[in-house]
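Coordinate analysis (summary)
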Amino acid sequence: MPTAAPLLFVFIWSTGFLVGRGVAPHADPFWFLSMRFGGVALVFIAVALWARVAWPRGAKRIGMQLLAGALMNGLYVGPSWWAMSQGLPAGVMALIGSLQPLLTALIAVAVLGKRLARATWWGLALGFSGVTLVLLPRLQDTSAAGLSLPVVLVGAGGILALTLGSMVQKSPWAAGDLRSAGALQNLGAVLVLLPMALWLGEPRWDHAPLLWGYLAYSVLVLSIGGATLLIWLMRRGEATRTTALLLGVPPLSALQAWLIFGERLSPVQLLGFVVAIAGVALARRR
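- Labelled according to an unreviewed UniProt entry, the protein chain appears under the name Permease of the drug/metabolite transporter (DMT) superfamily, originating from Paracidovorax wautersii.
- What UniProt states about the protein chain under its Subcellular location (unreviewed entry) heading is, verbatim, "Membrane".
- In the Sequence similarities (unreviewed entry) part of its UniProt record, the protein chain is described as follows: "Belongs to the EamA transporter family."

A short note on a nonpolar patch on the surface
- A cluster of nonpolar residues, Leu-106, Val-109 and Trp-121, forms a patch on the protein surface that exposes about 240 Å² of accessible area.
- Here Val-109 shows up in helix α6 (residues 100-110).
- Classification of Val-109 by relative accessible area gives partly exposed; the value is 33%.

Some thoughts on the packing of aromatic side chains
- Going through the model one piece at a time under the given rule, you end up with 4 aromatic pairs.
- Ring centres of Phe-32 and Trp-81 lie 6.0 Å apart, and the angle between their planes is 15°; this geometry places the pair in the stacked category. You can see Phe-32 sitting in helix α3 (residues 29-51) and its partner Trp-81 sitting in helix α4 (residues 59-85), a full 49 residues away along the chain. With respect to class, Phe-32 is no different from Trp-81; both count as buried.
- Ring-pair connections join several aromatic residues into one group, and the members of that group are Phe-32, Trp-81, Trp-205 and Trp-212.

Let's talk about the packing of α4 against helix α9 (residues 178-200)
- Direction vectors running N to C along α4 and α9 enclose 40°, while the axes themselves pass 7 Å from each other. It follows from the interaxial angle that α4 and α9 lie oblique. The chirality of how α4 crosses α9 is right-handed. Taken together, the residues of α9 that come into contact with α4 (itself represented by Gln-65, Leu-66, Ala-68, Gly-69, Ala-70, Asn-73, Gly-74, Leu-75, Gly-78, Pro-79 and Trp-82) are Ala-181, Leu-184, Gln-185, Asn-186, Leu-187, Gly-188, Ala-189, Val-192, Leu-193, Met-196 and Leu-200.
- Residues belonging to the contact of α4 with α9 are distributed by class as follows: 14 nonpolar, 8 polar and no charged.

What to know about the layout of surface pockets
- Each pocket or cavity is described by its volume, and for the second largest pocket that value is around 240 Å³.
- Within the lining of the second largest pocket, the residues separate by chemical class into 10 nonpolar, 1 polar and 1 charged.

Overview of helix α2 (residues 16-23)
- Among all positions of α2, only Gly-16, Leu-18, Val-19, Gly-22 and Val-23 are buried. Projected down its long axis, α2 carries its buried residues within an arc of 155°, all on one side.

Some details on the pattern of salt bridges
- Summed over the entire model, instances satisfying the criterion amount to 2 salt bridges.
- Measuring nitrogen to oxygen at the nearest pair gives 2.9 Å for the salt bridge that ties Arg-179 to Asp-177.
- According to the relative accessible area criterion, Arg-179 is partly exposed, its value standing at 32%.
- Among the ionic pairs, Arg-204 bridges to Glu-202, the shortest N-O distance being 3.2 Å.
- In this structure Arg-204 comes out as partly exposed when scored by relative accessible area, which is 29%.

What counts and what doesn't
- Residues numbered from 1 in each chain as written.
- Predicted model: local features only at pLDDT ≥ 70, side-chain atom pairs only at ≥ 80, totals over all residues.
- Heavy atoms only, no water.
- UniProt positions renumbered as here; feature names shortened; annotations may be inferred.
- Patch = residues over 30% accessible without salt bridge, like charges linked within 9 Å, V, L, I, M, F, W, Y side chains within 5 Å.
- Areas by Shrake-Rupley, 256 points an atom, 1.4 Å probe, with all protein chains shown as cover.
- Salt bridge = Lys/Arg side-chain N within 4 Å of Asp/Glu carboxyl O.
- Helix = DSSP H or I, 4+ residues; strand = E, 2+ residues; numbered from the N terminus.
- Buried < 20%, exposed > 50% of the residue type's maximum accessible area, 1.4 Å probe, protein only.
- Phe/Tyr/Trp six-rings, centres within 6.5 Å; stacked < 30°, edge-to-face > 60°.
- Axes fitted to C-alpha atoms, helices over the stretch in contact; angles between N-to-C directions.
- Parallel < 35°, antiparallel > 145°, perpendicular 65-115°, else oblique.
- Left-handed = near helix turned anticlockwise from the far one by under 90°.
- Contact = heavy atoms within 4.5 Å.
- Nonpolar A, V, L, I, M, F, W, Y, C, P; charged D, E, K, R; others polar.
- 1 Å grid on protein atoms, 1.4 Å probe; cavity = no way out; pocket = protein on both sides within 12 Å on 5 of 7 lines; lining within 4 Å.
- Points joined across faces, edges and corners; volume = space filled by probe spheres on them.
- Arc of directions from axis to C-beta.

Below is the structure:
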């Protein structure tokens, strides 16, 4: 499991870009995300009650679980999808997202006083360079329409929320069984996303079978599978080494877009894929 989990997480997380692309014509992103995380919370509640696992007790422990979910799910995914709906190219959003491991490392050093190995820093820099090479054609082809400063700042704010949420996950106050914790954390996401849906969204849902398929995949695979793996990995390892896995997501997403949508992959992008994976391996080396 320690060997397979990181690879499985990167693969699952990389499909999230394809889901976001597919949902856009059929439903409002905020309402879709509210239903997604609400569905995940219901599944975790049912599983936790069936298994009779322990639930977090005390206002501080419950509050930390809600905060972790609000940051990692609500305030990360919601603003990111909103920024892309306002015209921010997915390639730019992915490039902003790839800064997250570097931001985690900086917070770990500056705030938490941790000391990271030189190989970790080199791995993060190498991984970010690889991601840049993979996304370079998309960055060159995009217009400046979606690159307004407020939209970019909202997207960057989502990445900051994910970084802070990963730090909360390492707190002893956020520990506990993954099933009961997952229920509370996804409820925390809903508490953030519903106001966003009411304020910024529109009641658009065309009931297409494909849309319901996207919702089922998002609940069962992206959230219950991918997000739970991310939390499990964070609890077992160092936050910087875990978030370094996110550097492998944009290259793998580009590869999937080539296979599914027929998008071109240039030699530069293939080189970037190799460089990014090498950077992830170096950053995660013990």
